[in-house]
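Chain by chain, the residues run as shown.
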Amino acid sequence: MRDRVATAARTAGRDPESVSILPVTKGFPSARLGDVVAAGFTAVGENRVSEAQAKREGLPHLDLAYHMIGHLQRNKAAAAVRVFDRIDSVDSVRLADRLAAVAGPAGRTALPVLVQVNASGEASKGGLPIEQAVAGVERICAMANLRVRGLMTMAPIDADEHMLHEVFGRVRRCLEECRNQIAGFEGIELSMGMSGDFEIAIAEGATQIRLGTVLLGERK
Ligand SMILES: *Cc1c(COP(=O)(O)O)cnc(C)c1O
């Protein structure tokens, strides 16, 4: 996998080191997290608070950062800030507000987050509508206890290559706008691309790709 990622980066004229792989271990048993660490990875993506908590508690010896990549209900925010090192799927200003409120009491005074953007307009996809993203990111940046590291997006499932370039490109430009328009904003992370579309995401500037099946096999 690392070879394919490096090749995609070089083809796009980018330094392979500028793209990291986040192994997505949701739905895989805990034992697979040990494999992931043995393979040299230092972080994983999970999409449920309870599953991540169980893995974390069952594997205290693993030096691994847990990233939340799925929709987070506001009533689980307090648990999430205790379980996850970073929340990569902050999909509304209201959720950010909730996270900011519960982070402090949990001792998280600089919780790293990514703001999820919906760049395709697909109603089933979460995230701030792209037209509102800069304003939303600006509000989230002003909240206590949160550190916005960048943006995350999910492409439409059945998009063709042209559409994928379009959607990922929009999110990259949105991050650039955030950097130009929001004073002090230094987010550079662009989490986009999954098993089926990561090469296109890399061509469009992804700094983190989230790989499940292509890296770990089919989930049972
Ligand atoms: C499951 C998931 C992935 C990984 O999907 P694969 O197609 O298995 O690579 C990436 N991102 C998110 C948000 C996911 O929920």
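A brief report on the enclosed structure follows. Just so we're clear, the structure is a prediction, and the values are computed from it rather than from any experiment.

1. Focus on helix α1 (residues 2-11)
Among the residues making up α1, those that are buried are Val 5, Ala 6, Ala 8 and Ala 9. Projected down its long axis, α1 shows its buried positions confined to an angular sector of 160°, all on one face. Along α1, exposed side chains directed more than 90 degrees from the buried face belong to Asp 3, Arg 10 and Thr 11. One or two steps after α1, the chain reaches Gly 13, where phi turns positive at roughly 75°.

2. As for the site of the ligand
Every residue lining the ligand is accounted for by Val 24, Lys 26, Ile 69, Met 152, Met 154, Met 194, Ser 195, Arg 210, Leu 211, Gly 212, Thr 213 and Arg 219. Lys 26 is positioned with one of its side-chain polar atoms (N or O) 2.7 Å from an oxygen atom of the ligand. With respect to the ligand, the side chain of Arg 219 contributes an N or O atom lying 2.8 Å from an oxygen atom. For the ligand, whose accessible area on its own is 380 Å², the fraction buried by protein is 89%. In terms of residue class, the shell around the ligand is built from six nonpolar, three polar and three charged.

3. Brief notes about the nonpolar core
Phe 84, Ile 87, Leu 99, Ile 140, Leu 146, Leu 151 and Ile 209 are the most contacted members of the largest nonpolar core, which has 67 residues in total. No other element matches the seven residues that helix α7 (residues 161-181) contributes to this core. Apart from the residues lying within four places of it in its own chain, the contact partners of Ile 140 are Val 90, Ser 92, Val 93, Ala 96, Val 115, Leu 146 and Val 148.

4. Here we look at the side chain of Glu 204
Here Glu 204 shows up in the loop between α8 (198-203) and β9 (208-211). Residue Glu 204 is classed as buried on the basis of its relative accessible area of 14%. Of the polar contacts made by the side chain of Glu 204, one reaches the side chain of His 165; its length is 2.8 Å.

5. As for the packing of aromatic side chains
Per the stated rule, a full pass over the model turns up zero aromatic pairs. Positioned above the aromatic ring of Phe 41, the side-chain terminus of Arg 2 is 4.3 Å from the ring centre.

6. Notes on the environment of Ala 77
Looking at where Ala 77 falls in the secondary structure, it is placed in helix α4 (residues 77-83). In this structure Ala 77 comes out as buried when scored by relative accessible area, which is 0%. When the C-alpha atoms of Ala 77 and Val 102 are compared, they prove to be 7.0 Å apart, with 25 residues separating the residues in sequence. Every residue in contact with Ala 77, bar those within four places of it in the chain, is listed here: Leu 72, Arg 98, Leu 99 and Val 102.

How each quantity is defined
The residue count restarts for each chain, going from 1 along the sequence in the order it is written. Owing to the predicted nature of the model, reporting of local features is limited to residues with pLDDT of at least 70; listing and counting of side-chain atom pairs is limited to 80 or more, with chain, interface and lining totals taken over all residues. With hydrogens and water excluded, all non-hydrogen atoms of the structure serve as input to the side-chain values. The buried label applies to any residue whose accessible area, calculated with a 1.4 Å probe on protein chains only, is under 20% of its type's maximum; exposed applies above 50%, and partly exposed to all values in between. Only runs of H or I of at least four residues qualify as helices and only runs of E of at least two qualify as strands under DSSP, and these elements are numbered from the N terminus. This arc is built from the directions going out from the helix axis to the C-beta atoms. Think of it this way: one heavy atom of a residue within 4 Å of a molecule or strand is enough to make that residue near it. In protein, a polar contact requires one atom able to donate a hydrogen and another able to accept it; more generally it is a pair of N or O atoms within 3.5 Å, and residues adjacent in sequence count only if both atoms are side-chain atoms. Accessible surface is estimated by sampling points in the Shrake-Rupley manner with a 1.4 Å probe; for residues, cover comes only from the protein chains shown. Residues were grouped as follows: Ala, Val, Leu, Ile, Met, Phe, Trp, Tyr, Cys and Pro as nonpolar; Asp, Glu, Lys and Arg as charged; and all remaining residues, including Gly, as polar. To qualify as a nonpolar core, a set must consist of buried Ala, Val, Leu, Ile, Met, Phe, Trp, Tyr and Cys residues joined through side-chain atoms within 4.5 Å. For this analysis, residues touch if any pair of their heavy atoms sits within 4.5 Å. In this analysis, rings of Phe, Tyr and Trp, with Trp reduced to its six-membered ring, are considered paired at centre separations within 6.5 Å, and the interplanar angle assigns stacked below 30 degrees, edge-to-face beyond 60, and tilted for intermediate values. Here, a charge over a ring is recorded when the distance from Lys NZ or Arg CZ to the ring centre is within 6 Å and its angle to the ring normal is within 35 degrees.

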